[in-house]
Amino acid sequence: MNARIALVSGLATLVVLTPPVMSRPLLHTPAERDVVLAEMRAMLESLSRIVHGLAAGDLLMAEKAARASGMKATVESRLEKKLPAHFLQLGRRVHTRFDQLAEAIKTGATKDDALKRLAALTGYCVACHSAYRLEEMRPD
Ligand code: HEC
């Protein structure tokens, strides 16, 4: 029984990142997947705080939340060799948008302007999610 469990866990689960047009499957370890997902959850948290900040008129909170998901927050460099260029490009763009939003709020953007920027920014979330997904599979 123990030996069997060891054997099963020895077959490390791999994660496949599926490109929109199947070219080649990209293999990822669960640890690498966790890095990507942690970055995702951080961006969702930023979005939530930005919207709360704007709604409550707490612009400093909104600015900080946007900054937290700016280019500095990108962890993709660690995975750069494994991720497709288009995926990395979308990632860089969304982080840049967070930085630009932070800067705009800092320099006195209106709520309306911030909202337009948020609309553009979230378009990247939607675009990437509709193009890629992480898939777990076992090697055979
Ligand atoms: C460069 C591509 C890309 C961009 C841009 C992107 N995501 Fe993701 N995100 C993914 C992938 C791939 C997954 C895994 C989806 C799957 O396999 O089901 C994911 C998953 C997530 C998850 C699930 C996290 C978990 O723990 O399961 C959240 C939340 C998320 N993204 C939020 C966002 C938000 C918010 C944005 C925009 C601010 C965003 N993402 C932008 C690629 C991206």
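For clarity, every value in this text was computed on a predicted model and none was experimentally measured. Counting starts from 1 at the beginning of each chain's written sequence and moves along it residue by residue. A pLDDT threshold of at least 70 governs which residues receive local features in this predicted model, and a stricter bar of 80 or more applies before side-chain atom pairs are shown or counted, although totals over entire chains, interfaces and linings include all residues.

Caption draft 1: Focus on the environment of A104. Under the DSSP-based scheme used, a helix requires at least four consecutive residues in state H or I and a strand at least two consecutive residues in state E, with every element numbered from the N terminus. For A104, the position within the fold is in helix 4 (residues 85–106). In this scheme every C-beta is placed from the backbone, and a residue whose C-beta has 20 or more other C-beta atoms within 10 Å is buried, one with 12 or fewer is exposed, and one in between is partly exposed. Look at A104 and you get partly exposed, because 17 C-beta atoms sit within 10 Å. Sequence spacing of A104 and R117 is 13 residues, and the spatial spacing of their C-alpha atoms is 9.1 Å. A residue pair is marked as a contact if its C-beta atoms, positioned from the backbone, fall within 7 Å. In this structure A104 touches A109, D113, A114 and R117, once residues within four positions along its chain are discounted.

Caption draft 2: Geometry of helix 4. Given a helix with a known number of residues, its expected span is that number minus one, times 1.5 Å. A rise of 1.5 Å per residue sets the reference length of helix 4, with its 22 residues, at 32 Å; its end C-alpha atoms lie 31 Å apart and thus fit the reference within 8%. The complete set of buried residues in helix 4 reads F87, G91, V94, H95, R97, F98, L101, A102 and I105. Each buried residue of helix 4 sits inside an arc of 145° when the element is viewed along its axis, so together they form one side. Residues of helix 4 that are exposed and angled more than 90 degrees away from the buried face: A85 and Q89. On the buried face of helix 4, the contacting elements are helix 2 (30–56), helix 3 (59–68) and helix 5 (111–131). Just downstream of helix 4 lies G108, where phi reads positive at about 90°. The arc in question is the one traced by the directions running from the helix axis out to the C-beta atoms.

Caption draft 3: Here's a closer look at the site of the ligand. Any residue whose C-beta atom, as placed from the backbone, lies within 6 Å of a molecule or strand is termed near it. Surrounding the ligand, one finds 17 residues, the nearest of these being M40, C125, C128, R133 and L134. Breaking the shell around the ligand down by element, the ones donating at least two residues are helix 2, helix 4, helix 5 and strand 3 (133–137). Among the elements that take part in the shell around the ligand, helix 2 stands out by supplying six residues, more than any other. Counted by class, the shell around the ligand contains 13 nonpolar, two polar and two charged residues. Any residue that is not Ala, Val, Leu, Ile, Met, Phe, Trp, Tyr, Cys, Pro, Asp, Glu, Lys or Arg is counted as polar, Gly included; the first ten are nonpolar and the last four charged.

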